[in-house]
Amino acid sequence: MRREAQKLGFDACRVTRPDVLSFAPAVLDAFVAEGRHGDMDWLAERRDWRADPQKLWPEVRSIVMLGMSYGPDVVAVPAEAGNISVYARNRDYHDVVKGKLKLLAGALLARAKILGVFGDVKVFVDTAPVMEKPLAAAAGLGWQGRHTNLVSREFGSWLFLGSIFTTLDLPPDPPEADHCGSCRACVDACPTGALDGGKIDARLCVSYLTIETKAQIPRALRQKIGNRIYGCDDCLAACPWNKFAQTAREAKFLARADLVAPPLRELVALDEAAFRQKFSGNPVKRIGHARFLRNVLLAIGNSGDPSLAPLVEARLGHESPLVRGMAVWALSRLLPRDEFASLAARNHNEPDPDVRAEWGMG
Ligand code: B12
Ligand code: SF4
Ligand code: SF4
């Protein structure tokens, strides 16, 4: 199976049992009770399935955990451009990994059949309530670092995870030991202080703020987000184990040239159709045009470039209050105080209370 996995493009393939998450119910409950999941209600729901693969699928006997490297050749992006996180600079990994998981699962069943054993499979890549990181750690793909993601001695922090649940009895592999030692580089690198010793508060994480939340981004965090318009890599990039990482083998994960440092002035001008076309097959499309504009306007507000103000003003009439509100905030940062005040006076009939507050209208 490992040879087949390697041929399909997986970089790591190991097996664990479905009963290895005994600690997970308490951890998940605490995570949700503390509100660390923010508005990701889907994390609070079906916690029993997430914490126990046998509740998700009672027939499961073994779990094959797969890792696929998306090691970048460039991480840093110039401050005047939009920063799309490494994982989202080309094709959506859900599509790429899932296709390969299905092929590998088919090969696994075919091999078993030759030996006279019949089984069943289900494949997941962040498509069901499955705790992929602790399962991967139990299978020995790596360990959960202080940034909470799986770190591998061979691939650093740049591994996508996926799983094959099967009714077949496969011999499990031993787990990997924790190799963080006294390092805290990821915790210190986080721009918003979202990490505390192996735990994350998603509400503070730039990835959550720019990808998951459908709400407005809190004012107190906006400057810290800088030019990040989709996700964040700071904690992953800080990890010393990345020195062993290689550039992704899968061409669909190599960065598209136009997505490495896209100029903010081009992004803010995209209309809905152009947005859909540019991000077709790419993860960014998942947040939709309005939230994308919210993020781009935030980055423009942090750009210090007043020549972008007219493009921002053009968004004051957008139908979404998320966009209008962030446009107001960006203008408050780019325009001289008197110009901003006279613009506010001209927009006195803004209907949304949150956007009125951004104008300082109370
Ligand atoms: C929800 C989610 C998010 C949320 C929350 C992140 C999080 N850490 O949970 C947000 C939107 C913030 C997010 C961001 C990112 N994500 Co995400 N995300 C997920 C998802 C869907 C579920 C994760 C989950 O179960 N969280 C719930 C918490 C409770 O789990 P946990 O962090 O593992 O908690 C453990 C520890 O904190 C610890 N712990 C906590 N409290 C306590 C207390 C005690 C007593 C003990 C012992 C332990 C303990 O134990 C917990 C369980 O093991 C997974 C896919 C999946 N289905 O698993 C992808 C996944 C984790 N994400 C992934 C990626 C790539 C990212 C980003 C890098 C994307 C980006 N560039 O922007 C960032 C990284 C941010 C970060 N530092 O985590 C990858 C990670 C791959 C890897 N190598 O690990 C995954 C696995 C998707 C995939 N299939 O590849 N993500
Ligand atoms: S992804 Fe960014 S904001 Fe989120 S925990 Fe990592 S460094 Fe912090
Ligand atoms: S940066 Fe350091 S603490 Fe964080 S995951 Fe990597 S080795 Fe562990």
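The structure presented is a predicted model; accordingly, all values stated were derived computationally and were not measured. (Residues numbered from 1 in each chain as written. Chains lettered and ligands numbered in written order. Predicted model: local features only at pLDDT ≥ 70, side-chain atom pairs only at ≥ 80, totals over all residues. Heavy atoms only, no water.)

Asks: What is the right way to look at helix 2 (residues 24-33) in this model?
Replies: Given 3.6 residues per helical turn, the α-helix brings residues three or four places apart onto the same face. What helix 2 keeps buried is the set Ala24, Leu28, Phe31 and Val32. Seen end-on, helix 2 carries its buried residues on one side only, within an arc spanning 90°. Facing away from the buried side of helix 2 by over 90 degrees, the exposed positions are Ala26 and Ala33. Looking at the buried side of helix 2, the elements it contacts are helix 3 (41-44), helix 4 (47-51) and strand 9 (199-200). In the stretch just after helix 2, glycine 35 is the one whose phi turns positive, near 75°. (Buried < 20%, exposed > 50% of the residue type's maximum accessible area, 1.4 Å probe, protein only. Helix = DSSP H or I, 4+ residues; strand = E, 2+ residues; numbered from the N terminus. Arc of directions from axis to C-beta. Contact = heavy atoms within 4.5 Å.)

Asks: How do you make sense of the site of ligand 3 when you look at a structure like this?
Replies: Surrounding ligand 3, one finds Gly145, Arg146, His147, Val151, Cys180, Cys183, Ala185, Cys186, Cys239, Pro240 and Trp241. Along the lines of polarity and charge, the residues of the shell around ligand 3 split into 8 nonpolar, 2 polar and 1 charged. (Near = heavy atom within 4 Å. Nonpolar A, V, L, I, M, F, W, Y, C, P; charged D, E, K, R; others polar.)

Asks: Explain the sheet that holds strand 4 (residues 121-124) to me, please; I cannot follow it from the model alone.
Replies: In sheet architecture, strand pairing relies on hydrogen bonds along the backbone and comes in two forms, parallel and antiparallel. Strand order in the open sheet formed by 4 strands is 1-2-7-4, with antiparallel pairing between adjacent strands. With partners counted over all chains shown, the strands left at the sheet margins are strand 1 (12-16) and strand 4, one partner each. Strand-to-strand twist across the sheet, computed as the mean angle between neighbouring axes with direction ignored, equals 20°. Inspection of the sheet shows strand 1 paired to strand 2 (residues 62-69) by 5 bridges, in the antiparallel sense. Pairing of cysteine 13 across the sheet is with leucine 66, part of strand 2. Packed on one face of the sheet, helix 6 (residues 93-114) meets strand 2, strand 4 and strand 7 (159-166) and runs near 35° to strand 7. (Pairing = 2+ DSSP bridges. Axes fitted to C-alpha atoms, helices over the stretch in contact; angles between N-to-C directions.)

Asks: So what exactly am I meant to see when it comes to the domain arrangement of the protein chain here?
Replies: In many reports, interface size means the accessible area that the parts give up when they come together. For the protein chain, the assigned domains read domain 1 (2-262) and domain 2 (263-362). Facing the 33 residues of domain 1 at the interface are 26 residues of domain 2. If you look at where domain 1 meets domain 2, you find 3 salt bridges. With its nearest N and O atoms 3.0 Å apart, the salt bridge here joins arginine 222 to glutamate 358. Between domain 1 and domain 2 we count 20 residue pairs in polar contact (both at pLDDT 80 or more) in total. (Domains from an automatic or database assignment. Salt bridge = Lys/Arg side-chain N within 4 Å of Asp/Glu carboxyl O. Polar contact = N/O pair within 3.5 Å; in protein donor to acceptor, adjacent residues only side chain to side chain.)

Asks: Sorry if this is basic, but what is going on with the packing of helix 14 (residues 288-301) against helix 16 (residues 321-334) here?
Replies: In a packed pair of helices, the relevant descriptors are the angle between the two axes and the axis-to-axis distance. Between helix 14 and helix 16, the least distance of the axes is 8 Å, while the angle of their chain directions is 10°. Of the possible angle classes, the one that applies to helix 14 and helix 16 is roughly parallel. Note on element contacts: helix 16 touches helix 14 through Leu322, Val323, Met326, Ala327, Trp329, Ala330, Arg333 and Leu334, opposite Ala290, Arg291, Leu293, Arg294, Leu297, Leu298, Ile300 and Gly301. When the residues that make up the contact of helix 14 with helix 16 are grouped by side-chain class, the tally is 12 nonpolar, 1 polar and 3 charged. (Parallel < 35°, antiparallel > 145°, perpendicular 65-115°, else oblique.)

Asks: Even after reading the chapter, I still don't get the nonpolar core, so can you show me in this structure?
Replies: Within soluble globular proteins, side chains that are nonpolar tend to cluster in buried spots. With 87 residues, the main nonpolar core has Phe10, Leu66, Val97, Ile164, Phe253 and Phe292 as its most contacted residues. For this core, the domains that each give at least three residues are domain 1 (2-262) and domain 2 (263-362). Within the second largest apolar cluster, 24 residues are counted, among which are Trp57, Ala128, Met131 and Phe165. (Core = buried A, V, L, I, M, F, W, Y, C linked by side-chain atoms within 4.5 Å.)

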